[in-house]
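Given next are the chains, with one letter for each unit.
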Amino acid sequence: ARDQVQVAGSSTVLPYANIVAELFGENFDFPTPVIESGGSSAGLKRFCEGVGENTVDIANASRSIRESEIQTCADNGVTDIIEVRIGYDGIVFASDINGPAYTAFTEAQWYNALAQEIVVDGALVANPNATWADVDASLPAEEIQAFIPGTKHGTREVFEEKVLLSGCETSGAFEVMTGELGMSEDDAETACMSVRTDGRSVDIDGDYTETLARIESNPSGVGVFGLSFYENNTAKLKVATMGGVAPSTETIATGEYPVSRPLFFYVKKAHIGVIPGLKEYASFFVSDAVAGPGGPLSEYGLTPDPELGQTQSMIENEETMASGS
Amino acid sequence: MNDMRILERDVDTNTIKFAGRDVHVYYGETEAIKGIDVDIEDKTVTAFIGPSGCGKSTFLRCLNRMNDTIDVCRVTGKITLDGEDIYDRKVDPVQLRAKVGMVFQKPNPFPKSIYDNIAYGPRIHGLAKTKADLDDIVEQSLRRGAIWDEVKDRLDAPGTGLSGGQQQRLCIARAIATAPEVLLMDEPCSALDPIATAQVEELIDELRTNYSVVIVTHSMQQAARVSQKTAFFHLGDLVEFGPTNEIFTNPKDPRTESYITGRIG
Amino acid sequence: MNDMRILERDVDTNTIKFAGRDVHVYYGETEAIKGIDVDIEDKTVTAFIGPSGCGKSTFLRCLNRMNDTIDVCRVTGKITLDGEDIYDRKVDPVQLRAKVGMVFQKPNPFPKSIYDNIAYGPRIHGLAKTKADLDDIVEQSLRRGAIWDEVKDRLDAPGTGLSGGQQQRLCIARAIATAPEVLLMDEPCSALDPIATAQVEELIDELRTNYSVVIVTHSMQQAARVSQKTAFFHLGDLVEFGPTNEIFTNPKDPRTESYITGRIG
Amino acid sequence: MPGILLILILCAIAAAGYVMGRRKAATISGDDNRVLHSNKPFHGANVALAAFLSGVVALVASGVIRGVTGIADSANIMTTVLTLGAAAAAFYVTLGRITLDYRARNVTEQLVKGILIAAASVAILTTIGIVLSMVFETINFFNQYPMLDFFFGTNWTPRFQGDSDLGMLPLLWGTLYVSFIALMVAVPIGLFAAIYLAEYAGPRVRGIAKPLLEVLAGIPTIVYGLFALITVGPILRDYFAQPMGLGDSGSSVMTAGLVMGVMLIPFVSSLSDDIINAVPQAMRDGSYGIGATKSETVKQVVLPAALPGIVGAILLAASRAIGETMIVVLGAGAAARLSLNPFEAMTTVTVKIVSQLTGDTDFASPETLVAFALGITLFVITLGLNVLALYIVRKYREQYE
Amino acid sequence: MTDATAPSAPVSGDAEPSSLFTQTNRTKRRNAAEKRFKAYGLGAIGIGILSLVVLLVSILGNGLPAFKQTYVVMDVTLDESVLDPNGNRNPEDIAKVLTFGYTPIIRGAAQNLVREMGGEVEGLTDGMIGDMISKEAAGQLRRFVLANPDLIGTTQEFKFLANGRIDGFFKGRVTMESAQIDSNVSPEQLVAAERLAEAGHLTTSFNLGFLTAPDASDQRPEAAGLGVAIIGSVYMMLVVLALALPIGVAASIYLEEFAPKNWITDIIEVNISNLAAVPSIVFGILGLAIFINYAHLPQSAPIVGGLVLTLMTLPTIIISTRASLKSVPPSIKDAALGVGASKMQTVFHHVLPLAMPGILTGAIIGLAQALGETAPLLLIGMVAFVRDYPGAPPEGLFDPSTALPVQVYNWTQRSDPAFFERASGAIIVLLVLLVLMNLVAIILRRRFERRW
Ligand SMILES: Nc1ncnc2c1ncn2[C@@H]1O[C@H](COP(=O)(O)OP(=O)(O)OP(=O)(O)O)[C@@H](O)[C@H]1O
Ligand SMILES: Nc1ncnc2c1ncn2[C@@H]1O[C@H](COP(=O)(O)OP(=O)(O)OP(=O)(O)O)[C@@H](O)[C@H]1O
Ligand SMILES: [Mg+2]
Ligand SMILES: [Mg+2]
């Protein structure tokens, strides 16, 4: 019989899960949980494959589980799922430390720099901006070269919604589209979130180290990173403010810094009591000492969830998603 | 070692060993053997003669089903060995070839040592119980192949590093090491000097007392010297077949005659 | 095509073509040729005779440096062609081999069509300007190799699908297709029937008027028929070398005599 | 693991079978091989193989039954009994069969042939498995996404929220382009290296250079990827692409192709070297004897004779090129684009299979399922290429003796 | 095959009975072509080896530092009030104190050490001093105390790992300048570290832990090791070697020597070459479906990884084996058949030995590929964070583990730059393993490589 907890899923959650697993193994008599990475999608797929020793106990996810996935899970007999929100991940915009002075951005600037089509003089035209200075004179006169997460990344979703879309709205382009141009809200949203494909924006399917490497070989570029990644590489990267707010666990916790997203993991209730240490691991993960402010996770860059206590009691009571909602 | 077998075989004399009936051989579309009937006797040396390309090797290779290995080659008709159809589906060609040994036209020693070249056959047929037995078989075979003196000091040297004639004799020795009942020899003396040729002919003569030997040769003299029966092939046909002295002194077919009288050397 | 060459060459007659001085050949440790002095004349057929394994092929392969391809083989002494040391570092063995053609003991046709087997040499030496030229060379060579009739309908068939004797003649045709100045033939008739042998011997005789030919043979008769000079090898030594009729009628060395008189057939 | 213990027991039974079979054959023949149809060791091997194979078959069969019916661990006893029973029965039967005329060799060889066939069918089963494990999800995908748009769409822009353009043509183009460049590097270099190793180099150079080149195949592809990204990419950009006005992308098809080509060198060189080396020396002698140079001999005699093997090696290299991800991700970028400019970023089918499978989107969404459709499509396309290669080899094959 | 030296040259030029020493124009041209050809060959090998050297130099340059590690030696007082609040030395009670409880003890000890050395470093806070010690230390200390409860209350000397940035400072990765802008390390810490080093409390020595320790989380790059990955890779290679080579060779023998030549074998042949082109991740999909979901083998286990890699390497081995079987001259087979060997004996006694070099080459390349592959392992759970060592085989084959390429892949993704050095170090280990593994094959191949 399997005696270690088996976890799969998001590579964004992975470093936090690693830290917790390591501490868990150090402090308890249970074996150290095995944490796989491979993306939320693959993790949830494995999670939903069924109940039994050869399926995973926990799926890490950088987004909440989808309705269709819950359905698949249910089809395979995985009905009782405990959803655990562990905190928030900040998303920051950084560039080479010796590169041009990208120090302050707004969502609207990003929208105007990266959208496929922008509104110019009341009409939708292919994005004509070649340099950041074209977008806004206050920005450096450097070629636009942005390294953004690939379309499969959870971060991309946040980037599109919280940066491009909101930039689209604050710049007034959204209004023009729905108003003067007569587009439906959906179409307008899609237009706002369509990224230009002429090479100024580069999708990174890999991880932040790849983004970093690209910036190093292309110092005028700007990249999108996770907060924790940036904090570990402050010697190479300089971060820009977004809407005047500098990213930090504090500003994200208070919601001042706009670009962040919650991180989750999902526990298969049917495995609690079967796989030794499963419940203990889940509780340990969200315990104050670990996920709370000042704990190792926040030290590493995770923004603690203000409602951690609620999550802790949820695990204690093994509240599944259905029973919880 | 081989005596037991030999004794048993002495019982029947000069019965028909191989019988071919209406044998055709095709290489793809072309017909290389065009319907041959032939009876090869036991304890006899039969010589196949005929111009180059007339199908001697092809027919010889039919007798131990070596033609099976050529993809495009197809054999029809019936060939029997001791009355048993060798192309019968139940016949194991491996067992057939163990009985019917072969020396190929182009010497093809294994890329192994001289010793292993000879010892290979006895080994797979389990003819030697001990290493000494095997050594003995190897030495005897090499001696009978008239090559022992030349290679006795270099049994570990590769067989492929021998001269052309030495390779040919090595292949002869290899073929007789497994003590086959019939020995098919495709121009065994083509690369041999007169002395070695004489030794091989002696060997053939000696083999005849117990085995049946079929030999392909271009030398009319050799055919006359060693064989009791001669078959003359021409363009895929068996033109004439009979006692050697008759064929040479009194050929019936004009083609045979012209071939024999056109002879040189 | 070749006529021009022939005319020019007629000027000098029966000069020394090859001269060997104290030639030793070693295969690794063993000495296969033990210090040979020999002069091979132009426009002459020289026969190498001797028992199997005595070093005929080895010495023959020295004459066009084919031994270079055998790793373990080492040649010392001096061999000159037209007075030029062929083992000189400045000599290009490729050019040498273009001048000194070779027919090997084991027929080795290329795994190509019969046509390409012949055309290969003329192509690389640029002997044909047009396709028609080339066709012509191929046909002429095959005719002179006494195999044209047998293969003219299947020039596209692979050369490896020929009978043993056909392959041998193919290799002869291949060698003469490049019109070499000297032709080395290692038992060119070993797999040939008497008629084909006669044709090849005729070819050799014809070649002699313009080229120099060295032929290895086991047939004393053949040596007597085609050669003007004969060299008798024994265990790596050149025992005797002289005009053919003298060697055969009046050998000086007892070894020569015993080899010749021990002859059969 | 009881399974392993069981296998060990089977091995022991087989060993016993060998000894006993051999001994029985020796006894009935009076230790004279010539009266036996088959050599003694074959009688031994026959018993051993029969017992072992029956055991294994029974083991596998009961395993499958267990898998299908879902009977749990308690059925282990059944497995054990079945397995050992089958082995013992086969042992008994084959041992009893030994007579003077018993064709032990033929039977043994049939058994061995059976093993060989089983081994060959592993490859077939793998293919079936691959197709089966992808075909359902592919059907799922086509239920959600129009087939025509997928096959003939020139636009690859997946979106996180769905509503994506998933035309595979840009990916296919990228795959072919990158592989082509990689082969343009690997095939000439690999072939020339092989020729040099086999025909020119001495044994010492060869003994060193060949394994060294093979290390290239063992360096993890991520190293190549980083090398492409950090070193090769900027060089190509600064010294070729920008001066020639072909764009200023650091990652490009060219970068990935060049670097991948280096990785593939040993695939071509080592295998081809072995094949070239196996061409009989007599072939070369024939050519040298006419006065051909070494290179002429190689080009016109040796290479044609070695062609089937060399094509195999090149196919292997091409296969690796098509299947490679890391180098493409880091070297060629991730932009799906239909362009002729080799200095532009592009991406390949394989890269997208990996990225679509490992991302964060909903696993039942077309954005994830497209990976399976891509996999199957790539499978079919490479199948076509392989058929072509087989045809070419058949046509130009030259068989030596 | 048309050639570059096609008939074009004038014939008359050659007709001159020429000296061997003077080359005709055509010969000159042909020789030049020959030289070029040879030079191409040499150049090709040169390019290959040059690339290898460049890659190796960069790997070694980046990775060698991973084999050294900076340690801090210091005394720690095992404070009873913290470690055994009940004072009864009951292991269960002691175990209740988690590493969070140990951390302050270590930090305190470190602060004492630095402060005692005197010479205040301006701006050096207690927190900074504590951060100089690896987070791994708490776990190390807790294990020690649990193993030796009687030593609670005493002062013991410990050798802790230094924090990754401090370690990087001694390897040149971190400099005073970079520390200025690095939020994870400050110049003050570096100054203090230098002082500790002068006092002999901070030493750099061979990093055995890199080869033996398990992976560590992103917060402790200094503690991360390859122990589990090496075992996992070795296990998988055992499986691959035991399965892929025999199955591959057996399959090739059947297809090349026994199978009837018809359209079915054609399909099989094409199909196998096609398998070689299947992206490796697809084999992961297959492995997940067959071995885990159907056969119920455990996840993250080397046995599954080995099986998947076996399937993946099979085509490589089959293709190379078939190619070399094909190249054995038929006359050898004839010779064997002629003395009454069966087809099976012919193949095993004569053909296989001659084909051996090619088979071994296939094995070398196939294993190289298998050893370095990550993608298929992704789907069967081996791209994972595993800290417990798998057991001894055969049971250990079923325990979770990772593999070397996985470790490389994981480490290159981590945010702390210290992991990059470790990843390069792991590549070195991987290459060494590869060479060791292939050494046998290479030596064997040289023995079989003889031209007859
Ligand atoms: N490649 C080789 N390696 C080692 N020894 C060899 C090699 N080739 C020939 N020999 C030896 O050198 C000696 C002379 O061989 P060579 O081939 O010259 O003989 P030959 O006179 O041509 O004989 P035959 O008439 O049988 O062809 C023989 O003893 C032979 O075994
Ligand atoms: N493998 C083959 N494929 C196609 N044709 C072949 C093959 N082997 C032989 N032949 C042809 O079959 C005919 C008979 O060949 P065979 O080898 O039997 O002749 P042979 O009588 O042995 O001649 P030789 O005395 O020259 O050896 C020849 O025309 C030959 O070209
Ligand atoms: Mg013949
Ligand atoms: Mg010779």
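Preceding this paragraph is the structure being described.
The structure contained in this document is the topic of the report that follows. (Residues numbered from 1 in each chain as written. Chains lettered and ligands numbered in written order. Predicted model: local features only at pLDDT ≥ 70, side-chain atom pairs only at ≥ 80, totals over all residues. Heavy atoms only, no water.)

Quick look at the packing of aromatic side chains
Argument step 1. By the definition in use, this model includes 49 aromatic pairs over all chains.
Argument step 2. Ring geometry for F48 of chain B versus F233 of chain B: centroids 4.9 Å apart, planes at 55°, classification tilted. With F48 of chain B in strand β3 (residues 45-49) and F233 of chain B in strand β9 (residues 229-234), this pair connects stretches of sequence that are 185 residues apart.
Argument step 3. Taking the centre distance of 5.4 Å and the plane angle of 20° together, the rings of F141 of chain D and Y145 of chain D count as stacked. Considered together, F141 of chain D and Y145 of chain D belong to a single accessibility category, that of buried residues.
Argument step 4. Three or more aromatic residues joined by ring pairs make a cluster, and in this case those are F24, F28, F30, F265, Y281, F284 and F285 of chain A together with F100 of chain E. (Phe/Tyr/Trp six-rings, centres within 6.5 Å; stacked < 30°, edge-to-face > 60°. Helix = DSSP H or I, 4+ residues; strand = E, 2+ residues; numbered from the N terminus. Buried < 20%, exposed > 50% of the residue type's maximum accessible area, 1.4 Å probe, protein only.)

A closer look at the site of ligand 2
Argument step 1. The environment of ligand 2 is formed by 19 residues, the closest being S52, S57 and T58 of chain B together with S163 and G165 of chain C.
Argument step 2. Residues lining ligand 2 come from chains B and C.
Argument step 3. Note that an oxygen atom of ligand 2 is positioned 2.6 Å from one of the side-chain N or O atoms of S52 of chain B.
Argument step 4. Taking S163 of chain C, its side chain carries an N or O atom lying 2.6 Å from an oxygen atom of ligand 2.
Argument step 5. Secondary structure elements with two or more residues in the shell around ligand 2: α2 (56-63) of chain B together with α7 (164-176) of chain C.
Argument step 6. Tallied by class, residues from the shell around ligand 2 come to four nonpolar, 12 polar and three charged. (Near = heavy atom within 4 Å. Polar contact = N/O pair within 3.5 Å; in protein donor to acceptor, adjacent residues only side chain to side chain. Nonpolar A, V, L, I, M, F, W, Y, C, P; charged D, E, K, R; others polar.)

A look at the site of ligand 1
Argument step 1. Lining the immediate surroundings of ligand 1 are 19 residues, of which S163 and G165 of chain B together with S52, S57 and T58 of chain C lie closest.
Argument step 2. Nearby residues around ligand 1 are contributed by chains B and C.
Argument step 3. Measuring from an oxygen atom of ligand 1, one finds a side-chain N or O atom of Q166 of chain B at 2.7 Å.
Argument step 4. S52 of chain C places a side-chain nitrogen or oxygen 2.5 Å from an oxygen atom of ligand 1.
Argument step 5. When the free accessible area of ligand 1 is taken as 630 Å², the share hidden by the protein chains comes to 86%.
Argument step 6. Breaking the shell around ligand 1 down by element, the ones donating at least two residues are α7 (164-177) of chain B together with α2 (56-63) of chain C. (Areas by Shrake-Rupley, 256 points an atom, 1.4 Å probe, with all protein chains shown as cover.)

Side note on unusual backbone geometry
Argument step 1. Unusually for a residue other than glycine, D22 of chain B sits at a positive phi of about 50°.
Argument step 2. By secondary structure assignment, the location of D22 of chain B is in strand β1 (residues 16-27).

With respect to the interface of chain E and chain B
Argument step 1. Each partner contributes to the interface: chain E provides 19 residues, whereas chain B provides 23 residues.
Argument step 2. Summed over both partners, the interface of chain E with chain B buries about 1700 Å², with 66% contributed by carbon and sulfur atoms.
Argument step 3. Inspection of the region where chain E meets chain B yields one salt bridge.
Argument step 4. Residues D334 of chain E and R61 of chain B are paired through a salt bridge, measuring 3.6 Å at the closest nitrogen-oxygen approach.
Argument step 5. The interface formed by chain E and chain B contains five residue pairs in polar contact (both at pLDDT 80 or more).
Argument step 6. Secondary structure elements with two or more residues in the side of chain E that touches chain B: α16 (330-338) and α17 (343-372) of chain E.
Argument step 7. With seven residues, α16 of chain E is the single largest residue contributor to the side of chain E that touches chain B.
Argument step 8. For the side of chain E that touches chain B, the class distribution of residues is eight nonpolar, eight polar and three charged. (Contact = heavy atoms within 4.5 Å. Buried area = accessible area lost by both parts, 1.4 Å probe. Salt bridge = Lys/Arg side-chain N within 4 Å of Asp/Glu carboxyl O.)

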